[in-house]
Amino acid sequence: MKNTDESGLDLIRERLRGARGQEYWRSLDELADTKEFRRFLHNEFPGLAGSWSGLINRRDALRLMGASLALAGLSGCTSRPAEKIVPYVHPPTEFVPGKPLYYATAMVLGGYAKGLLAESHMGRPTKVEGNPRHPASLGATEALSQASVLSLYDPDRAQAVTRNGRITGWLSFLTAMSERAEAQHLSKGKGFRILTETVTSPTLAHQIRTLLEAFPAAKWHQYEPVGGNSARIGSRLAFGESVNTCYRVDQADVILALDADFLCSGPAHLRYARDWAGRRRAHGGRERMNRLYVVETMPSGTGAVAEHRLPLRPSDMEAFAHAVAKEVGVAVHAPGSSVPEAWTAALVHDLRQHRGSSLVIAGEFQSPAMHALAHAMNQALGNVGNTVFYTDPVEARPVDQIQSLRELVDEMKAGSVDLLLILGGNPMFSAPADIDFAAGLNRVETRVHQSLHFDETSRLCSWHIPEAHFLETWSDARAYDGTTTIIQPLIAPLYEGKSVHELLSIFLDEPNRSGYDIVRGYWRNEIAGRDLDEFWHASLNSGVVDGSALPVKSVQLKEDWTTSITAITAPNASEIEISFRPDPSIFDGRFANNGWLQELPKPLSKLAWDNAAFLSPATAERLGFNHRDVVELVLHGRSVEAPVFALPGHAPDSVTVHLGFGRTLAGKVGTGVGFNPYLLRTSENLWAGQGLELHPTRKQMVLACTELHHSMEGRNLVRVGSIAEFEKNPGFAREMGETPPSGDTLYPGFDYSQGYQWGMVVNLNACVGCNACVVACEAENNSPIVGKQEVANSREMQWLRIDRYYSGDKENPSTTLAPVLCMHCENAPCEVVCPVQATNHSSEGLNQMVYNRCVGTRYCSNNCPYKVRRFNFYQYSDWVTPSLKPMRNPDVSVRGRGVMEKCSYCVQRIQEAKITAEKEDRLVRDGEIVTACQQACPTQAFTFGNINDPDSRVAALKRDPLNYGMLAELNVRPRTSYLAKLRNPNREIEKE
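As the structure is a computational prediction, the values presented were derived from the model and not from experiment.

### Observations concerning the nonpolar core
- One finds Leu-256, Phe-320 and Leu-633 to be the most contacted residues of the largest nonpolar core, which totals 216 residues.
- The biggest single contributor to this core is helix α15 (residues 368-380), with seven residues.
- Residues Phe-173, Phe-192, Ile-208 and Val-448 belong to the second largest nonpolar core, which totals 29 residues.

Set out below in structure tokens:
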């Protein structure tokens, strides 16, 4: 990689050679310590701190916040559903102002449900949490779920039924479709087609089957741009039938992830992350910690926490899997692997030593052959029935979705389709580039699209129907193991949207039937003989249908399964390869208009508001590209332009691009952001391709990347050691820092003997960098969005950040992730410099912010060694527009321009628990207060509580030998402390 400092790579090599002990770095620029990096850090707030040129006007603020200008006043925002909905806990007899209610529901992504508890303030959904009774969430959430409330209030959602782009009405559509339904009855459905995404909803599946019975010549097609299509085909290759694969990660001692980011993505990743982290709390050999091996192209959260990680380009992945499979007893041909033999031998030995307690996971974006190999390896290692089990498919109709879409397009091009219902999705944007969906769609006479937004597909359809948000509608869906949730609404549709059930009911001669009646009617028939009211209330109350999980299924490998696997051909070593991945923030593009997610720094790269062409530093250097150079990516005649991003740990000779960007009709926030990799993606190169060409364009692009923001300038903030090191020296974490100062201090000291003393411990051994805590903090505390330019100026407003530290070789470094928030220091440097006492110390140890006192001197921020304070340089929040109010947490103020803000330990939750305890004449119980970040975290990395209570979990963790204070050598006495990261390396690979 070329650097603006000519000797950048030489400086990196020299510094790594001369390093003594473990040295951590956050970016290649920091490692090289270039002149540009020094200039960037020269000012506390880089770039235009005193300029008014970036002033955010009211329109831009509303656009970025993604809230509704188009709502018809607050009365339109807060209407409740007419049908009875059931809260998660026993409600009061009537609404109590200021007292929220929680309702169990579920968010569906890729067809699969994750259980949620939605918080409602006087009929206004304001936040979601995980449902602890749901097997796919266990009380945790992901960033996408946390941001769903912002999508609910998005002003750019479709707000009216349109015909050929002109506003009409539901009755007009109803009349037109009733006539079409009559015509279809006469032809038995000839020319009638339905296109859906993956369906796991029992009610929707029943409706479609009933419709196909009424119209026997009609057909149902499915297409999901991101999903388990390869896994679906791979199970058929291995077993001769489609099955659903589930893992018992908590039972696995050794895990091999073959390009599988199973801790941060997929239908069950919240459950798997919780189970994995449960085995990482086994400190000091008291129990055995699990060991994780990851082989991947693009660095991921799962790879970041692995004991051993190898970057491999896509074409080398399958050869490596064959080599491992052959050594563990699978009868396959192994053509040779680029992975060092010693590494593979040590891995195989470890897997063999843990027969029955090992686990091999193939990534959802790997080939069907890779999935078949993983099934075979798990069977050969005796893992089936222990760490892996199978069920019948969760999907209502498992098909090869690429083939299904191709068949539909071919029929449309042939003029065989008269009526097409597109229920969700955006195939005009996301279909493979070699399947010309537009050409087929234009041959269809009546084209109906239902979606949340009027998007690229809607523009080519004759009818568009606004879709109801999941918080506005009745439905049901299954989780990864088949467990079903009945989805209940918290609010009547803001824009008169309709559910997919209500749309299909038109063709079932039930045009006026409500979603409530449709879903309840299905379950009435499903549980015939049982009391419907009792079943309904219990299912809504808990968020799960008892006994709905699919039973374990016994399967066996086909005798000739290997014959269905295409022989591996040696890749061309001189070719650059490309891999496609869904974006960690906006997924396949459906969340492009969500400002919280657009501004969320992506795990590891820390890039916001854009996507990029990621490649390794060595590959960038070899090709002569600088960081952020714009290049033309050409794959088999198709091309797009993209900025280059050199990412440590990326596989050599390959490029990774994230899908979902480059939208042309995504609302005011998402339109025109980034480039569109779907233009390169074909059905033959769905997730990877060879023969990529990169051509310089002589352009450069400013990227909003936060990896250099809030730099600690070489100070050691993280502690990492192996189990062996811990056994030799349990206090290594505290000794790794500088010598702590004496107890002498100029601070007055505080007496907490008569009250509470709040504190937090963050477990670095559990954090996978998924960002759920960051978005949860934004949703809980009404944090504003500032936009790309302000993020580029280091002015992002998230109160919580996930720092990423590298150590070792820049081509494959070890990675440590560290959530950083206000430390609530006992000797807080911010408090003594505030001229108006806007930041002060509470009697319970909290570092408080009194917003009304703050005059914006920013002395406190300059004096904070952790760089965790955020300043409202401009009027980022709109606090006068009525339509913004339904989205906001009423327990937290909305801050204006010129105010310093930061983490408050969710003081509003602390006060609520204290009031409840005082009413009951008792102290707050341990675990009764759960901060927003703690509640969202799937790995339970955060622990909060009363340090004064010696029996509390936080007090116990403070006594743990792994506990240390970040920058404790400054004698600031941080109230937030950390547990050092422990690794469990294979000594045959890593000599200690």
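### Digging into the packing of helix α21 (residues 515-526) against helix α22 (residues 532-542)
- The N-to-C vectors of α21 and α22 enclose an angle of 115 degrees; their axes lie 11 Å apart at closest approach. The handedness of the crossing between α21 and α22 is right-handed. Across from Tyr-516, Val-519, Arg-520, Trp-523 and Arg-524 in α21, the residues of α22 making contact are Leu-532, Asp-533, Phe-535 and Trp-536.
- Grouping the amino acids of the contact of α21 with α22 by side-chain chemistry returns six nonpolar, no polar and three charged.

### Quick notes on the side chain of Arg-581
- Secondary-structure assignment places Arg-581 in strand β20 (residues 576-582).
- What Arg-581 contacts, discounting residues up to four positions off in sequence, is Asp-259, Phe-365, Gln-366, Thr-656, Val-657, His-658, Leu-659 and Trp-687.

### Describing the sheet that holds strand β37 (residues 963-964)
- Pairing is mixed in the open sheet, where four strands are placed in the order β36-β29-β38-β37. Two strands close off the open sheet at either side, each with one partner strand: β36 (942-946) and β37.

### Describing the side chain of Ser-542
- Looking at the secondary structure, you find Ser-542 in helix α22.
- Within the structure, Ser-542 has its side chain in polar contact with the backbone oxygen of Ala-538 (distance 3.0 Å).
- Among the polar contacts made by the side chain of Ser-542, one reaches the main-chain carbonyl oxygen of Val-544 at a distance of 3.1 Å.

### Observations regarding the confidence of the model for the chain
- Per-residue confidence for the chain gives a mean pLDDT of 86, with 87% of residues at or over 70.
- Below a pLDDT of 50 lies the segment residues 1-7, which in the model reaches 22 contacts outside its immediate sequence neighbourhood of four places, other chains included.
- Long-range and interchain partners of residues 61-78, a stretch whose pLDDT sits below 50, account for 53 contacts in this model, where long-range means more than four residues apart.

### So, the state of the cysteines
- Scanning the model with the defined rule gives zero disulfides in all.
- Sulfur of Cys-822: no disulfide; nearest cysteine sulfur belongs to Cys-903 and is 5.8 Å away.

### Some details on the pattern of salt bridges
- Here the structure, examined in full by the defined rule, presents 39 salt bridges.
- Across the pair Glu-307 and Arg-280 runs a salt bridge whose closest N-O atoms are separated by 2.4 Å. Here Arg-280 lies in the loop between α11 (269-278) and β11 (291-296) and Glu-307 lies in the loop between α12 (301-304) and β12 (308-311), a separation of 27 residues in the sequence. Note on accessibility: Glu-307 and Arg-280 belong to one class, buried.
- Residue Lys-788 pairs with Asp-610 through a salt bridge whose shortest N-O separation is 2.5 Å. Taken as a pair, Lys-788 in helix α29 (residues 788-792) and Asp-610 in the loop between β21 (607-608) and β22 (613-615) lie far apart in primary sequence, 178 residues in all.
- The exposure class assigned to Asp-610 is buried, which follows from its relative accessible area of 2%.
- Each of Lys-127, Glu-129, Glu-780 and Arg-909 takes part in a single network of salt bridges with overlapping partners.

### Brief notes about the pairing of strand β25 (residues 654-659)
- With six of its six residues buried, β25 lies for the most part within the structure.
- Residues Ser-654, Thr-656 and His-658 line one face of β25 and the alternating positions Val-655, Val-657 and Leu-659 line the opposite face, and both faces are buried.
- Relative to β25, β20 runs parallel, the two being bridged by six bridges. In the strand pairing of β25, Glu-577 is matched with Ser-654.

### Some details on the packing of aromatic side chains
- Within this structure, the stated rule accounts for 24 aromatic pairs.
- Positioned over the ring face of Phe-873 is Arg-795, at 4.2 Å from the centre of the ring.
- Over the ring of Phe-871 we find Arg-858; its NZ or CZ atom is 5.6 Å from the centre of that ring.

### Description of the packing of helix α13 (residues 314-327) against helix α14 (residues 341-353)
- Running from N to C, α13 and α14 cross one another at 45 degrees; their axes reach a closest spacing of 10 Å. One element, α13, and the other, α14, form an angle in the oblique class. The handedness of the crossing between α13 and α14 comes out as right-handed. Taken together, the residues of α14 that come into contact with α13 (itself represented by Phe-320, Val-324 and Glu-327) are Trp-343, Thr-344, Leu-347, Val-348, Leu-351 and Arg-352.

### Considerations on the pairing of strand β10 (residues 254-258)
- The buried count for β10 comes to five of five residues, which makes it a mostly enclosed element.
- Neither face of β10 is left uncovered, since the one carrying Val-254, Leu-256 and Leu-258 and the one carrying Ile-255 and Ala-257 both have all their residues buried.
- The sheet contact formed by β10 and β11 spans five bridges and is parallel. Among the inter-strand pairings, Leu-258 is bridged to a residue of β11, identified as Val-295.
- When β10 meets strand β13 (residues 358-362), the two strands line up parallel, connected through five bridges. Note that in β13 the partner of Ile-255 across the bridge is Leu-359.

### Here's the deal with the sheet that holds strand β16 (residues 446-451)
- With mixed pairing, the seven strands of this open sheet are ordered in space as β6-β5-β17-β16-β15-β7-β8. What marks the edges here is a single partner per strand, and that holds for β6 (166-167) and β8 (219-222).
- Inspection of the sheet shows strand β5 (residues 162-163) paired to β6 by two bridges, in the antiparallel sense. Among the inter-strand pairings, Arg-163 is bridged to a residue of β6, identified as Arg-166.
- Contacts from helix α8 (residues 170-186) reach β7 (192-196), β15 (419-423), β16 and β17 (463-466) within the one sheet, and its direction differs from that of β17 by about 120 degrees.
- Packing of helix α16 (residues 401-413) onto the sheet brings it into contact with β7, β8 and β15, and relative to β8 it is tilted by some 125 degrees.

### Focus on helix α9 (residues 202-214)
- Its 13 residues give α9 an end-to-end C-alpha distance of 18 Å, which sits within 8% of 18 Å, the value for a rise of 1.5 Å per residue.
- Of the residues making up α9, those classed as buried are Pro-202, Thr-203, Leu-204, Ala-205, Gln-207, Ile-208 and Leu-211.
- Those residues of α9 hidden inside the fold are in contact with β7, β8, β18 (475-478), β19 (484-487), α20 (500-505) and α21.

### So, the environment of Cys-834
- With respect to the secondary-structure elements, Cys-834 resides in the loop between α30 (829-833) and β32 (839-841).
- Through-space distance from the C-alpha of Cys-834 to that of Cys-860 is 6.1 Å; in sequence the pair is 26 residues apart.

### With respect to the environment of Val-762
- Tracing the sequence through the fold places Val-762 in strand β29 (residues 758-763).
- Spatially, the C-alpha atoms of Val-762 and Phe-944 are 8.9 Å apart, while their sequence positions differ by 182 residues.

Conventions used here
Residues numbered from 1 in each chain as written. Predicted model: local features only at pLDDT ≥ 70, side-chain atom pairs only at ≥ 80, totals over all residues. Heavy atoms only, no water. Core = buried A, V, L, I, M, F, W, Y, C linked by side-chain atoms within 4.5 Å. Buried < 20%, exposed > 50% of the residue type's maximum accessible area, 1.4 Å probe, protein only. Helix = DSSP H or I, 4+ residues; strand = E, 2+ residues; numbered from the N terminus. Axes fitted to C-alpha atoms, helices over the stretch in contact; angles between N-to-C directions. Left-handed = near helix turned anticlockwise from the far one by under 90°. Contact = heavy atoms within 4.5 Å. Nonpolar A, V, L, I, M, F, W, Y, C, P; charged D, E, K, R; others polar. Pairing = 2+ DSSP bridges. Polar contact = N/O pair within 3.5 Å; in protein donor to acceptor, adjacent residues only side chain to side chain. pLDDT = per-residue confidence, 0-100. Disulfide = S-S within 2.5 Å. Salt bridge = Lys/Arg side-chain N within 4 Å of Asp/Glu carboxyl O. Phe/Tyr/Trp six-rings, centres within 6.5 Å; stacked < 30°, edge-to-face > 60°. Lys NZ or Arg CZ within 6 Å of the ring centre and 35° of its normal. Parallel < 35°, antiparallel > 145°, perpendicular 65-115°, else oblique. Expected span 1.5 Å × (residues − 1).

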